[in-house]
Amino acid sequence: MPQPLKIAIAGALGRMGRQMAETVAADPRLQLVARFHRPGSAGEGLVERDEALSLADVVIDFTTPAASAELAKACAARSGPALVIGSTGFTASELAAIAEAAKTIAVVRSGSYSLGLNMLTSLVEQAARALGHDDCDIEILEAHHRFKVDAPSGTALMLGEAAALGRGVRLDAVAKRARDGLVGPRGAGEIGFPVLRGGGIVGEHSVSFLAEGETLTLSHAAGDRSMFARGAIAAALWVARRPPGEYDMRHVLGFGAV
């Protein structure tokens, strides 16, 4: 029987960190070797980051963009472990830091680790390719709990990238992230991002293709965070065998070329 994959959890005191630790501990393919949080955090079996990195084959990270970028640099400086990143809302400089680290280590970074949502992404790309901007407008609606700090969500942007790819355009050239006041008529080819925040919503996303006389809506609703943990585990098992590079869940699921 193969040796279990050694996993360290970053952001261990956060909601996803706790969910990840529980899910990893219950999986016989994995060994939870370390949990760490921000520097100076104490208790609950936590260790410092450097010790965690020395023990792990893969680190699973659902923290903040800045923390994830620093963690990627730290992993690359040691030439490992591999890294699975679930943070969202990155700046260009943070993404550049992760891309630089991926020259040395294998990194999976995704806007969502839900297997269903990644299937939805593929469907959105196909629909956008078939339904051009002369025929359909696209609106991507996302809803999350009141504590989420970034908007639109990383998953909504991932769906937007899929729609833009299907239409052969750059998302940043057509994205409309907010509407307020006298904004005028909708621009040709625009992809809108309405956002809802409140209550305890884990995550809901829908992509609507709106034409004269009909609307097609593709949607996904998250029931609990365990589905993200299962997807992150699938990514960890996959990335542990990969050469340096930056990957996403399309690669893990076999949708993208490696």
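Provided above is the structure to which this section pertains.
By convention here, each chain's residues receive numbers from 1 onward along its written sequence. Whole-chain, interface and lining totals are the exception, using all residues; otherwise, since this is a predicted model, local features are given only for residues with pLDDT of at least 70 and side-chain atom pairs are given and counted only at 80 or more. Note: side-chain values were computed over all heavy atoms of the structure, leaving out hydrogens and water.

> Sorry if this is basic, but what is going on with the overall build of the protein chain here?
We count a stretch as a helix when DSSP gives it H or I for four or more residues in a row; a strand needs E for two or more, and each element gets its number in order from the N terminus. Within the protein chain, the regular secondary structure consists of nine helices and twelve strands. The C-alpha atoms of the protein chain give a radius of gyration of 19 Å, which matches the 18 Å a tight globule of 258 residues would have. Expressed as lengths along the three principal axes of its C-alpha atoms, the size of the protein chain is roughly 60 × 40 × 35 Å. Out of the 258 residues in the protein chain, the part that is buried amounts to 49%. Note on areas: Shrake-Rupley with a 1.4 Å probe; residue coverage comes only from the protein chains shown. Per element, the accessible surface of the protein chain, about 12,600 Å² overall, is 53% carbon and sulfur. Under the convention used here, Asp and Glu are negative, Lys and Arg are positive, and both His and the chain ends fall outside the count. Charged groups are reduced to one reference atom each: NZ for lysine, CZ for arginine, CG for aspartic acid, CD for glutamic acid. Here the protein chain holds 26 positive side-chain charges and 28 negative ones, and the gap between their average locations is 4 Å. We compute the radius of gyration over the C-alpha atoms and compare it with the globule rule, which gives 2.2 Å times the number of residues raised to the power 0.38. Exposed residues in this analysis have more than 50% of their type's maximum accessible area, buried residues have under 20%, and partly exposed residues fall in between, with area computed by a 1.4 Å probe over protein chains only.

> Looking at this model, I keep getting lost on the side chain of Asn-118. Mind explaining?
Looking at where Asn-118 falls in the secondary structure, it is placed in helix α5 (residues 115-130). We call two residues contacting when some pair of their heavy atoms lies within 4.5 Å. Leaving out residues up to four positions away in the same chain, Asn-118 has contacts with Ser-110, Ser-112, Tyr-113, Met-158, Met-249, Leu-253 and Phe-255.

> When you look at the packing of helix α3 (residues 65-77) against helix α4 (residues 92-101) in this model, what are you seeing that I'm missing?
Any two packed helices are characterised by how steeply their axes cross, that is the angle between the axes, and by the distance between the axes. At a closest axis distance of 9 Å, the pairing of α3 and α4 adopts a crossing angle of 20 degrees. Comparing the axis directions of α3 and α4 gives the class roughly parallel. Pair α3 / α4 crosses with left-handed handedness. Across from Pro-65, Ala-66, Ala-69, Ala-72, Lys-73 and Ala-76 in α3, the residues of α4 making contact are Glu-94, Ala-97, Ile-98 and Ala-101. In terms of residue class, the contact of α3 with α4 is made up of eight nonpolar, no polar and two charged. To obtain each axis, a line is fitted to C-alpha atoms, and for helices this fit is confined to the stretch in contact; angles are then taken between N-to-C directions over 0 to 180 degrees. Oblique is the label for every angle not falling under 35 degrees (roughly parallel), over 145 degrees (roughly antiparallel), or within 65 to 115 degrees (roughly perpendicular). Put simply, a crossing is left-handed when the front helix is turned counterclockwise from the back one by less than a right angle, and right-handed when it is turned clockwise. In this classification, Asp, Glu, Lys and Arg are treated as charged, Ala, Val, Leu, Ile, Met, Phe, Trp, Tyr, Cys and Pro as nonpolar, and every other residue, Gly included, as polar.

> Can you help me understand the layout of surface pockets in this one?
Gaps left between atoms show up when a probe the size of a water molecule is rolled over them. The pocket and cavity definitions rest on a 1 Å grid over protein atoms only: a 1.4 Å probe that fits but cannot leave marks a cavity, an open set with protein on both sides within 12 Å along at least five of seven lines marks a pocket, and residues lining either have an atom within 4 Å of a point. Grid points are joined across faces, edges and corners, and a volume is the space filled by probe spheres set on the points. Looking at the largest pocket, its volume works out to about 1,200 Å³. Around the largest pocket sit 47 residues that line it, and Met-16, Phe-62, Thr-63, Thr-64 and Ser-87 are the ones nearest its centre. Of the residues in the lining of the largest pocket, the class split is 18 nonpolar, 20 polar and nine charged. Roughly 790 Å³ of internal volume is contained in the second largest pocket. Along the walls of the second largest pocket sit 30 residues, with Arg-109, Gly-154, Leu-157, Met-158 and Glu-161 positioned nearest its centre. The set of elements that each furnish at least two residues to the lining of the second largest pocket consists of α5, α6 (154-167), α7 (171-174), β12 (245-247) and α9 (249-252). For the lining of the second largest pocket, the per-class residue count stands at 13 nonpolar, nine polar and eight charged.

> Any chance you could explain the packing of aromatic side chains here in plain terms?
Each aromatic ring pair is described using two quantities: the centre-to-centre distance and the angle formed by the ring planes. Each Phe, Tyr or Trp ring, with Trp reduced to its six-membered ring, pairs with another whose centre is within 6.5 Å; inter-plane angles below 30 degrees give stacked pairs, above 60 give edge-to-face pairs, and intermediate values give tilted ones. The final tally for this structure, using the stated rule, is two aromatic pairs. A centroid spacing of 5.7 Å and a plane angle of 65 degrees characterise the contact between Phe-62 and Tyr-113, whose relative ring orientation is edge-to-face. Taken together, the residues span a long stretch of sequence, with Phe-62 in the loop between β3 (58-61) and α3 and Tyr-113 in the loop between β5 (106-109) and α5 at a distance of 51 residues. A residue is classified by how much of its surface remains accessible, and Tyr-113, at 1% relative accessible area, is buried.

> Please clarify how α4 should be interpreted in this entry.
Side chains three or four residues apart in an α-helix point the same way, a direct result of the helix having 3.6 residues per turn. Every buried residue belonging to α4 is among Glu-94, Ala-97, Ile-98 and Ala-101, and all of these are buried. Down the axis of α4, the sector holding all buried residues measures 95 degrees, keeping them to one side. Seen from the buried face of α4, the exposed residues on the opposite side, beyond 90 degrees, are Ala-92 and Ser-93. Turning to α4, the residues buried within the fold contact α3, β4 (82-85), β5 and β12. The arc under discussion is defined with respect to the helix axis, by the directions toward the C-beta atoms.

> Help me out: how do you make sense of the pattern of salt bridges in this one?
Between side chains of opposite charge, pairing is possible as soon as their charged atoms come close. Criterion for a salt bridge: a side-chain nitrogen of Lys or Arg within 4 Å of a carboxyl oxygen of Asp or Glu. With the rule as written, the count across this model stands at 14 salt bridges. Two residues, Glu-142 and Arg-197, come together in a salt bridge whose shortest N-O distance is 2.7 Å. Highlighted residues: Glu-142 in strand β6 (residues 137-144) and Arg-197 in strand β9 (residues 195-197), separated in sequence by 55 residues. A relative accessible area of 0% places Glu-142 in the buried class. Classification of Arg-197 by relative accessible area gives partly exposed; the value is 31%. Salt bridges linked by common partners bring Asp-137, Glu-139, Arg-179, Arg-186 and Glu-190 together as one network.

> Looking at this structure, I do not really get the nonpolar core. What am I missing?
A general tendency of soluble globular proteins is for nonpolar side chains to be buried together. To form a nonpolar core, buried Ala, Val, Leu, Ile, Met, Phe, Trp, Tyr and Cys residues must be joined to one another through side-chain atoms within 4.5 Å. With 30 residues, the main nonpolar core has Ile-7, Met-20, Ile-60, Val-84, Val-108 and Val-239 as its most contacted residues. Of all the secondary-structure elements, those providing two or more residues to this core are β1 (5-10), α1 (15-25), β3, β4, β5, α8 (226-239) and α9. In terms of residues, this core owes the most to one element, α8, which gives ten residues.

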